[in-house]
Amino acid sequence: MKKSAKEIKEQLQAACEDELPEFIRTYESDEREGVRKLVCAARKRLEALKRERERTEKLKEYERKYADLSFICGIDEVGRGPLAGPVVAGAVILPKDCEILYINDSKQLSEKKREELFSVIEREAVACAVGYASPERIDEINILQATYEAMREAIGKLDPQPDILLNDAVTIPKVTIPQVPIIKGDAKSISIGAASIYAKVTRDRLMVEYDKVFPEYGFADNKGYGSAAHIEALKKYGPTPIHRKSFIGNFVGIE
């Protein structure tokens, strides 16, 4: 008995990428308009997957360059600009045969896609870790030095330890592992992109938890960045313990 267009649509929705060519072969001769549209959608999906694979392969340029090394680690940070919360660094060692798609600079991805990729990275990475620098530490030693501390903490948590570090733009002081700073590295290296996502999701989740403690400031939405509503709340209620005193002097008096 011939399947209905609704059943075929459900089949397409459930199909993984490996099943798309067979789906197209099975239904491409079906003359029903609805089914023809579904076959067209399957072809477009297959073409999009091809383009994404090609894009992902380009992201492995640096990983291929250092392919003779066993453990290549991407490093990136998030949270240098916010008025509140820690700066968080991510460190990720991906497997040599990594086939994870859609990794990119975390800012270029939707929250849903970042969450999906976080789970995939955590499951498939050889090792991954995060490091933190608190608002107090940021105020004490400045944001750049605090970022370096968070990066060193993340690296130190990795097991195995990396043979080389691919960093987003910076060279981290007091690290003996060879480093390769790459400008806009989170969009040029799959390892740095993975670290960017891992750090971003970790920090965003933390700010959502802080929102429950300090609901007036909208941390779940602004993640500690200086949105108009956040600044208005800061002026109205004053700073919380997670605000960076060195960042908020333009908005409130600091003792």
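Our structure is the block above this text.
Rules and cut-offs
- Residues numbered from 1 in each chain as written.
- Predicted model: local features only at pLDDT ≥ 70, side-chain atom pairs only at ≥ 80, totals over all residues.
- Heavy atoms only, no water.
- Core = buried A, V, L, I, M, F, W, Y, C linked by side-chain atoms within 4.5 Å.
- Buried < 20%, exposed > 50% of the residue type's maximum accessible area, 1.4 Å probe, protein only.
- Helix = DSSP H or I, 4+ residues; strand = E, 2+ residues; numbered from the N terminus.
- Contact = heavy atoms within 4.5 Å.
- Phe/Tyr/Trp six-rings, centres within 6.5 Å; stacked < 30°, edge-to-face > 60°.
- Pairing = 2+ DSSP bridges.
- Axes fitted to C-alpha atoms, helices over the stretch in contact; angles between N-to-C directions.
- Parallel < 35°, antiparallel > 145°, perpendicular 65-115°, else oblique.
- Nonpolar A, V, L, I, M, F, W, Y, C, P; charged D, E, K, R; others polar.

Peer 1: Account for the nonpolar core, naming residues and giving values.
Peer 2: Ranked by size, the top nonpolar core spans 23 residues in total, and within it Ile75 and Ile172 carry the most contacts. Of all the secondary-structure elements, those providing two or more residues to this core are strand E1 (72–78), strand E2 (87–93), strand E3 (127–133) and helix H7 (143–157). The greatest single-element share of this core, amounting to 7 residues, is contributed by H7. When sequence neighbours within four positions are dropped, the list of residues in contact with Ile75 reads Gly90, Ala91, Met151, Ile155, Leu165, Leu166, Asn167, Asp168, Ile172, Ile192 and Ala195. Leu109, Ala194, Ala195 and Ala199 belong to the second-largest nonpolar core, a separate cluster that totals 22 residues.

Peer 1: Could you give me a rundown of the packing of aromatic side chains, with the residues and numbers involved?
Peer 2: For the coordinates displayed, the defined rule picks out 4 aromatic pairs. On the numbers, 5.6 Å between centres and 10° between planes, the contact of Tyr217 with Phe219 is stacked. The exposure class assigned to Tyr217 is buried, which follows from its relative accessible area of 5%. Joined through ring pairs, the aromatic side chains of Tyr217, Phe219 and Tyr237 make up one cluster.

Peer 1: Explain the sheet that holds E3 residue by residue, including any values.
Peer 2: Pairing is mixed across the open sheet formed by 5 strands, whose spatial order is E3-E2-E1-E4-E5. Single-partner strands in this sheet number two, and they are E3 and strand E5 (179–182). Averaged over all adjacent pairs, the angle separating strand axes in this sheet is 20°, with direction ignored. As paired elements, E1 and strand E4 (residues 164–168) share 4 bridges and run parallel to each other. Within E4, the residue paired with Ile75 across the bridge is Asn167. In this fold H7 packs onto E1, E2, E3 and E4, with an angle of close to 150° to the strand it touches most, E3.

Peer 1: Give me the lowdown on the packing of helix H1 (residues 5–14) against helix H3 (residues 33–58), citing residues and values where you can.
Peer 2: Where H1 contacts H3, the axes come no closer than 10 Å and their chain directions differ by 10°. With respect to their mutual orientation, H1 and H3 come out roughly parallel. Along its contact with H1, which presents Ala5, Ile8, Lys9 and Leu12, the element H3 presents Val35, Leu38, Ala41, Ala42 and Arg45. Class assignment of the residues belonging to the contact of H1 with H3 gives a composition of 7 nonpolar, no polar and 2 charged.

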